[in-house]
Amino acid sequence: MTTSGNPTIAYCRAPALSLALAMTLASATLSAAGDTAPEHAQLAALARQLDLLDRTARHSASLARAERARYHFDYARLQQDIERIRAGVRDYLTPQRAQPRDPIELLSDYRQPDRPSDEEGSQ
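**Student:** Could you clarify how one ought to interpret the packing of helix 2 (residues 36-62) against helix 3 (residues 75-93) in this entry?
**Tutor:** For any two helices packed against each other, the geometry comes down to the angle between their axes and how far apart the axes lie. Two elements in contact, helix 2 and helix 3, have axes whose closest approach is 10 Å; the angle formed by their N-to-C orientations is 160°. With respect to their mutual orientation, helix 2 and helix 3 come out roughly antiparallel. In terms of crossing hand, the pair formed by helix 2 and helix 3 is left-handed. A breakdown of the residues in the contact of helix 2 with helix 3 according to their chemical character gives 14 nonpolar, three polar and five charged.

**Student:** Just checking my understanding: could you explain the nonpolar core for this structure?
**Tutor:** Membership of the largest hydrophobic core is limited to ten residues, which are Leu43, Leu46, Leu50, Leu53, Ala57, Tyr75, Leu78, Ile82, Val89 and Tyr110. Those elements that place two or more of their residues in this core are helix 2 and helix 3. Per-element tally for this core: the top contributor is helix 2, with five residues.

**Student:** Would you mind going over the pattern of salt bridges with me for this structure?
**Tutor:** Oppositely charged side chains can pair when the atoms bearing their charge come close. For the structure on display, the rule yields seven salt bridges. A salt bridge links Arg86 to Asp54; the nearest nitrogen and oxygen atoms lie 3.8 Å apart. Here the residue Arg86 occupies a position in helix 3, and Asp54 occupies one in helix 2, the gap between them amounting to 32 residues. By relative accessible area, Arg86 is classed as buried at 14%. The residue Glu83 makes a salt bridge to Arg86 at a minimum N-O spacing of 2.7 Å. One end of the pair, Glu83, and the other, Arg86, are both in helix 3, three residues apart, so they sit about a helical turn from each other. Through salt bridges that share partners, Asp51, Asp54, Arg58, Glu83, Arg86 and Arg90 make up one connected network.

**Student:** Looking at this structure, I do not really get the packing of aromatic side chains. What am I missing?
**Tutor:** Two aromatic rings are characterised by how far apart their centres lie and by the angle between their planes. This model, assessed by the stated rule, comprises two aromatic pairs. The interplanar angle of 55° and the centroid separation of 4.8 Å between the aromatic rings of Phe73 and Tyr75 together place this pair among those described as tilted. Given the relative accessible area of 14%, Tyr75 is considered buried. For the pair Phe73 and Tyr110, a centre-to-centre distance of 5.5 Å together with 25° between the ring planes defines the contact as stacked. Of this pair, Phe73 sits in strand 1 (residues 71-73) while Tyr110 sits in the loop between helix 3 and strand 2 (111-113); the two residues are 37 residues apart in sequence, bridging distant segments of the chain. Taken together, the aromatic side chains of Phe73, Tyr75 and Tyr110 make up a single cluster linked through ring pairs. In this arrangement the basic side chain of Arg111 is found over the ring face of Tyr71, its NZ or CZ atom lying 4.0 Å from the centre.

Parameters at a glance
Residues numbered from 1 in each chain as written. Predicted model: local features only at pLDDT ≥ 70, side-chain atom pairs only at ≥ 80, totals over all residues. Heavy atoms only, no water. Axes fitted to C-alpha atoms, helices over the stretch in contact; angles between N-to-C directions. Helix = DSSP H or I, 4+ residues; strand = E, 2+ residues; numbered from the N terminus. Parallel < 35°, antiparallel > 145°, perpendicular 65-115°, else oblique. Left-handed = near helix turned anticlockwise from the far one by under 90°. Nonpolar A, V, L, I, M, F, W, Y, C, P; charged D, E, K, R; others polar. Core = buried A, V, L, I, M, F, W, Y, C linked by side-chain atoms within 4.5 Å. Buried < 20%, exposed > 50% of the residue type's maximum accessible area, 1.4 Å probe, protein only. Salt bridge = Lys/Arg side-chain N within 4 Å of Asp/Glu carboxyl O. Phe/Tyr/Trp six-rings, centres within 6.5 Å; stacked < 30°, edge-to-face > 60°. Lys NZ or Arg CZ within 6 Å of the ring centre and 35° of its normal.

See the structure below:
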């Protein structure tokens, strides 16, 4: 809970902070690519962070949205991207084939406009 007594603000920031942490861990693994043992440990830690991020996103999605907000965060799209990242890490740690696969493009546009109100639709 924040000092202002509004826990919703902390939950709204949690997915973005967790995603930033996951990206930082992913970039840190690139510098240690020569030695596979530390890299595998880093990627296993990244997988745990993705699980935490996914749980936080699911919890945040279940919270009531502000009805008057013009845009809402698209948690479903975030969860799809988390699953794509998780699948990529899992495929790297336990490869099923020798050839590299084509990367799947992340959606990355998490701002979703709310339905137009009656006033905006009649103009």
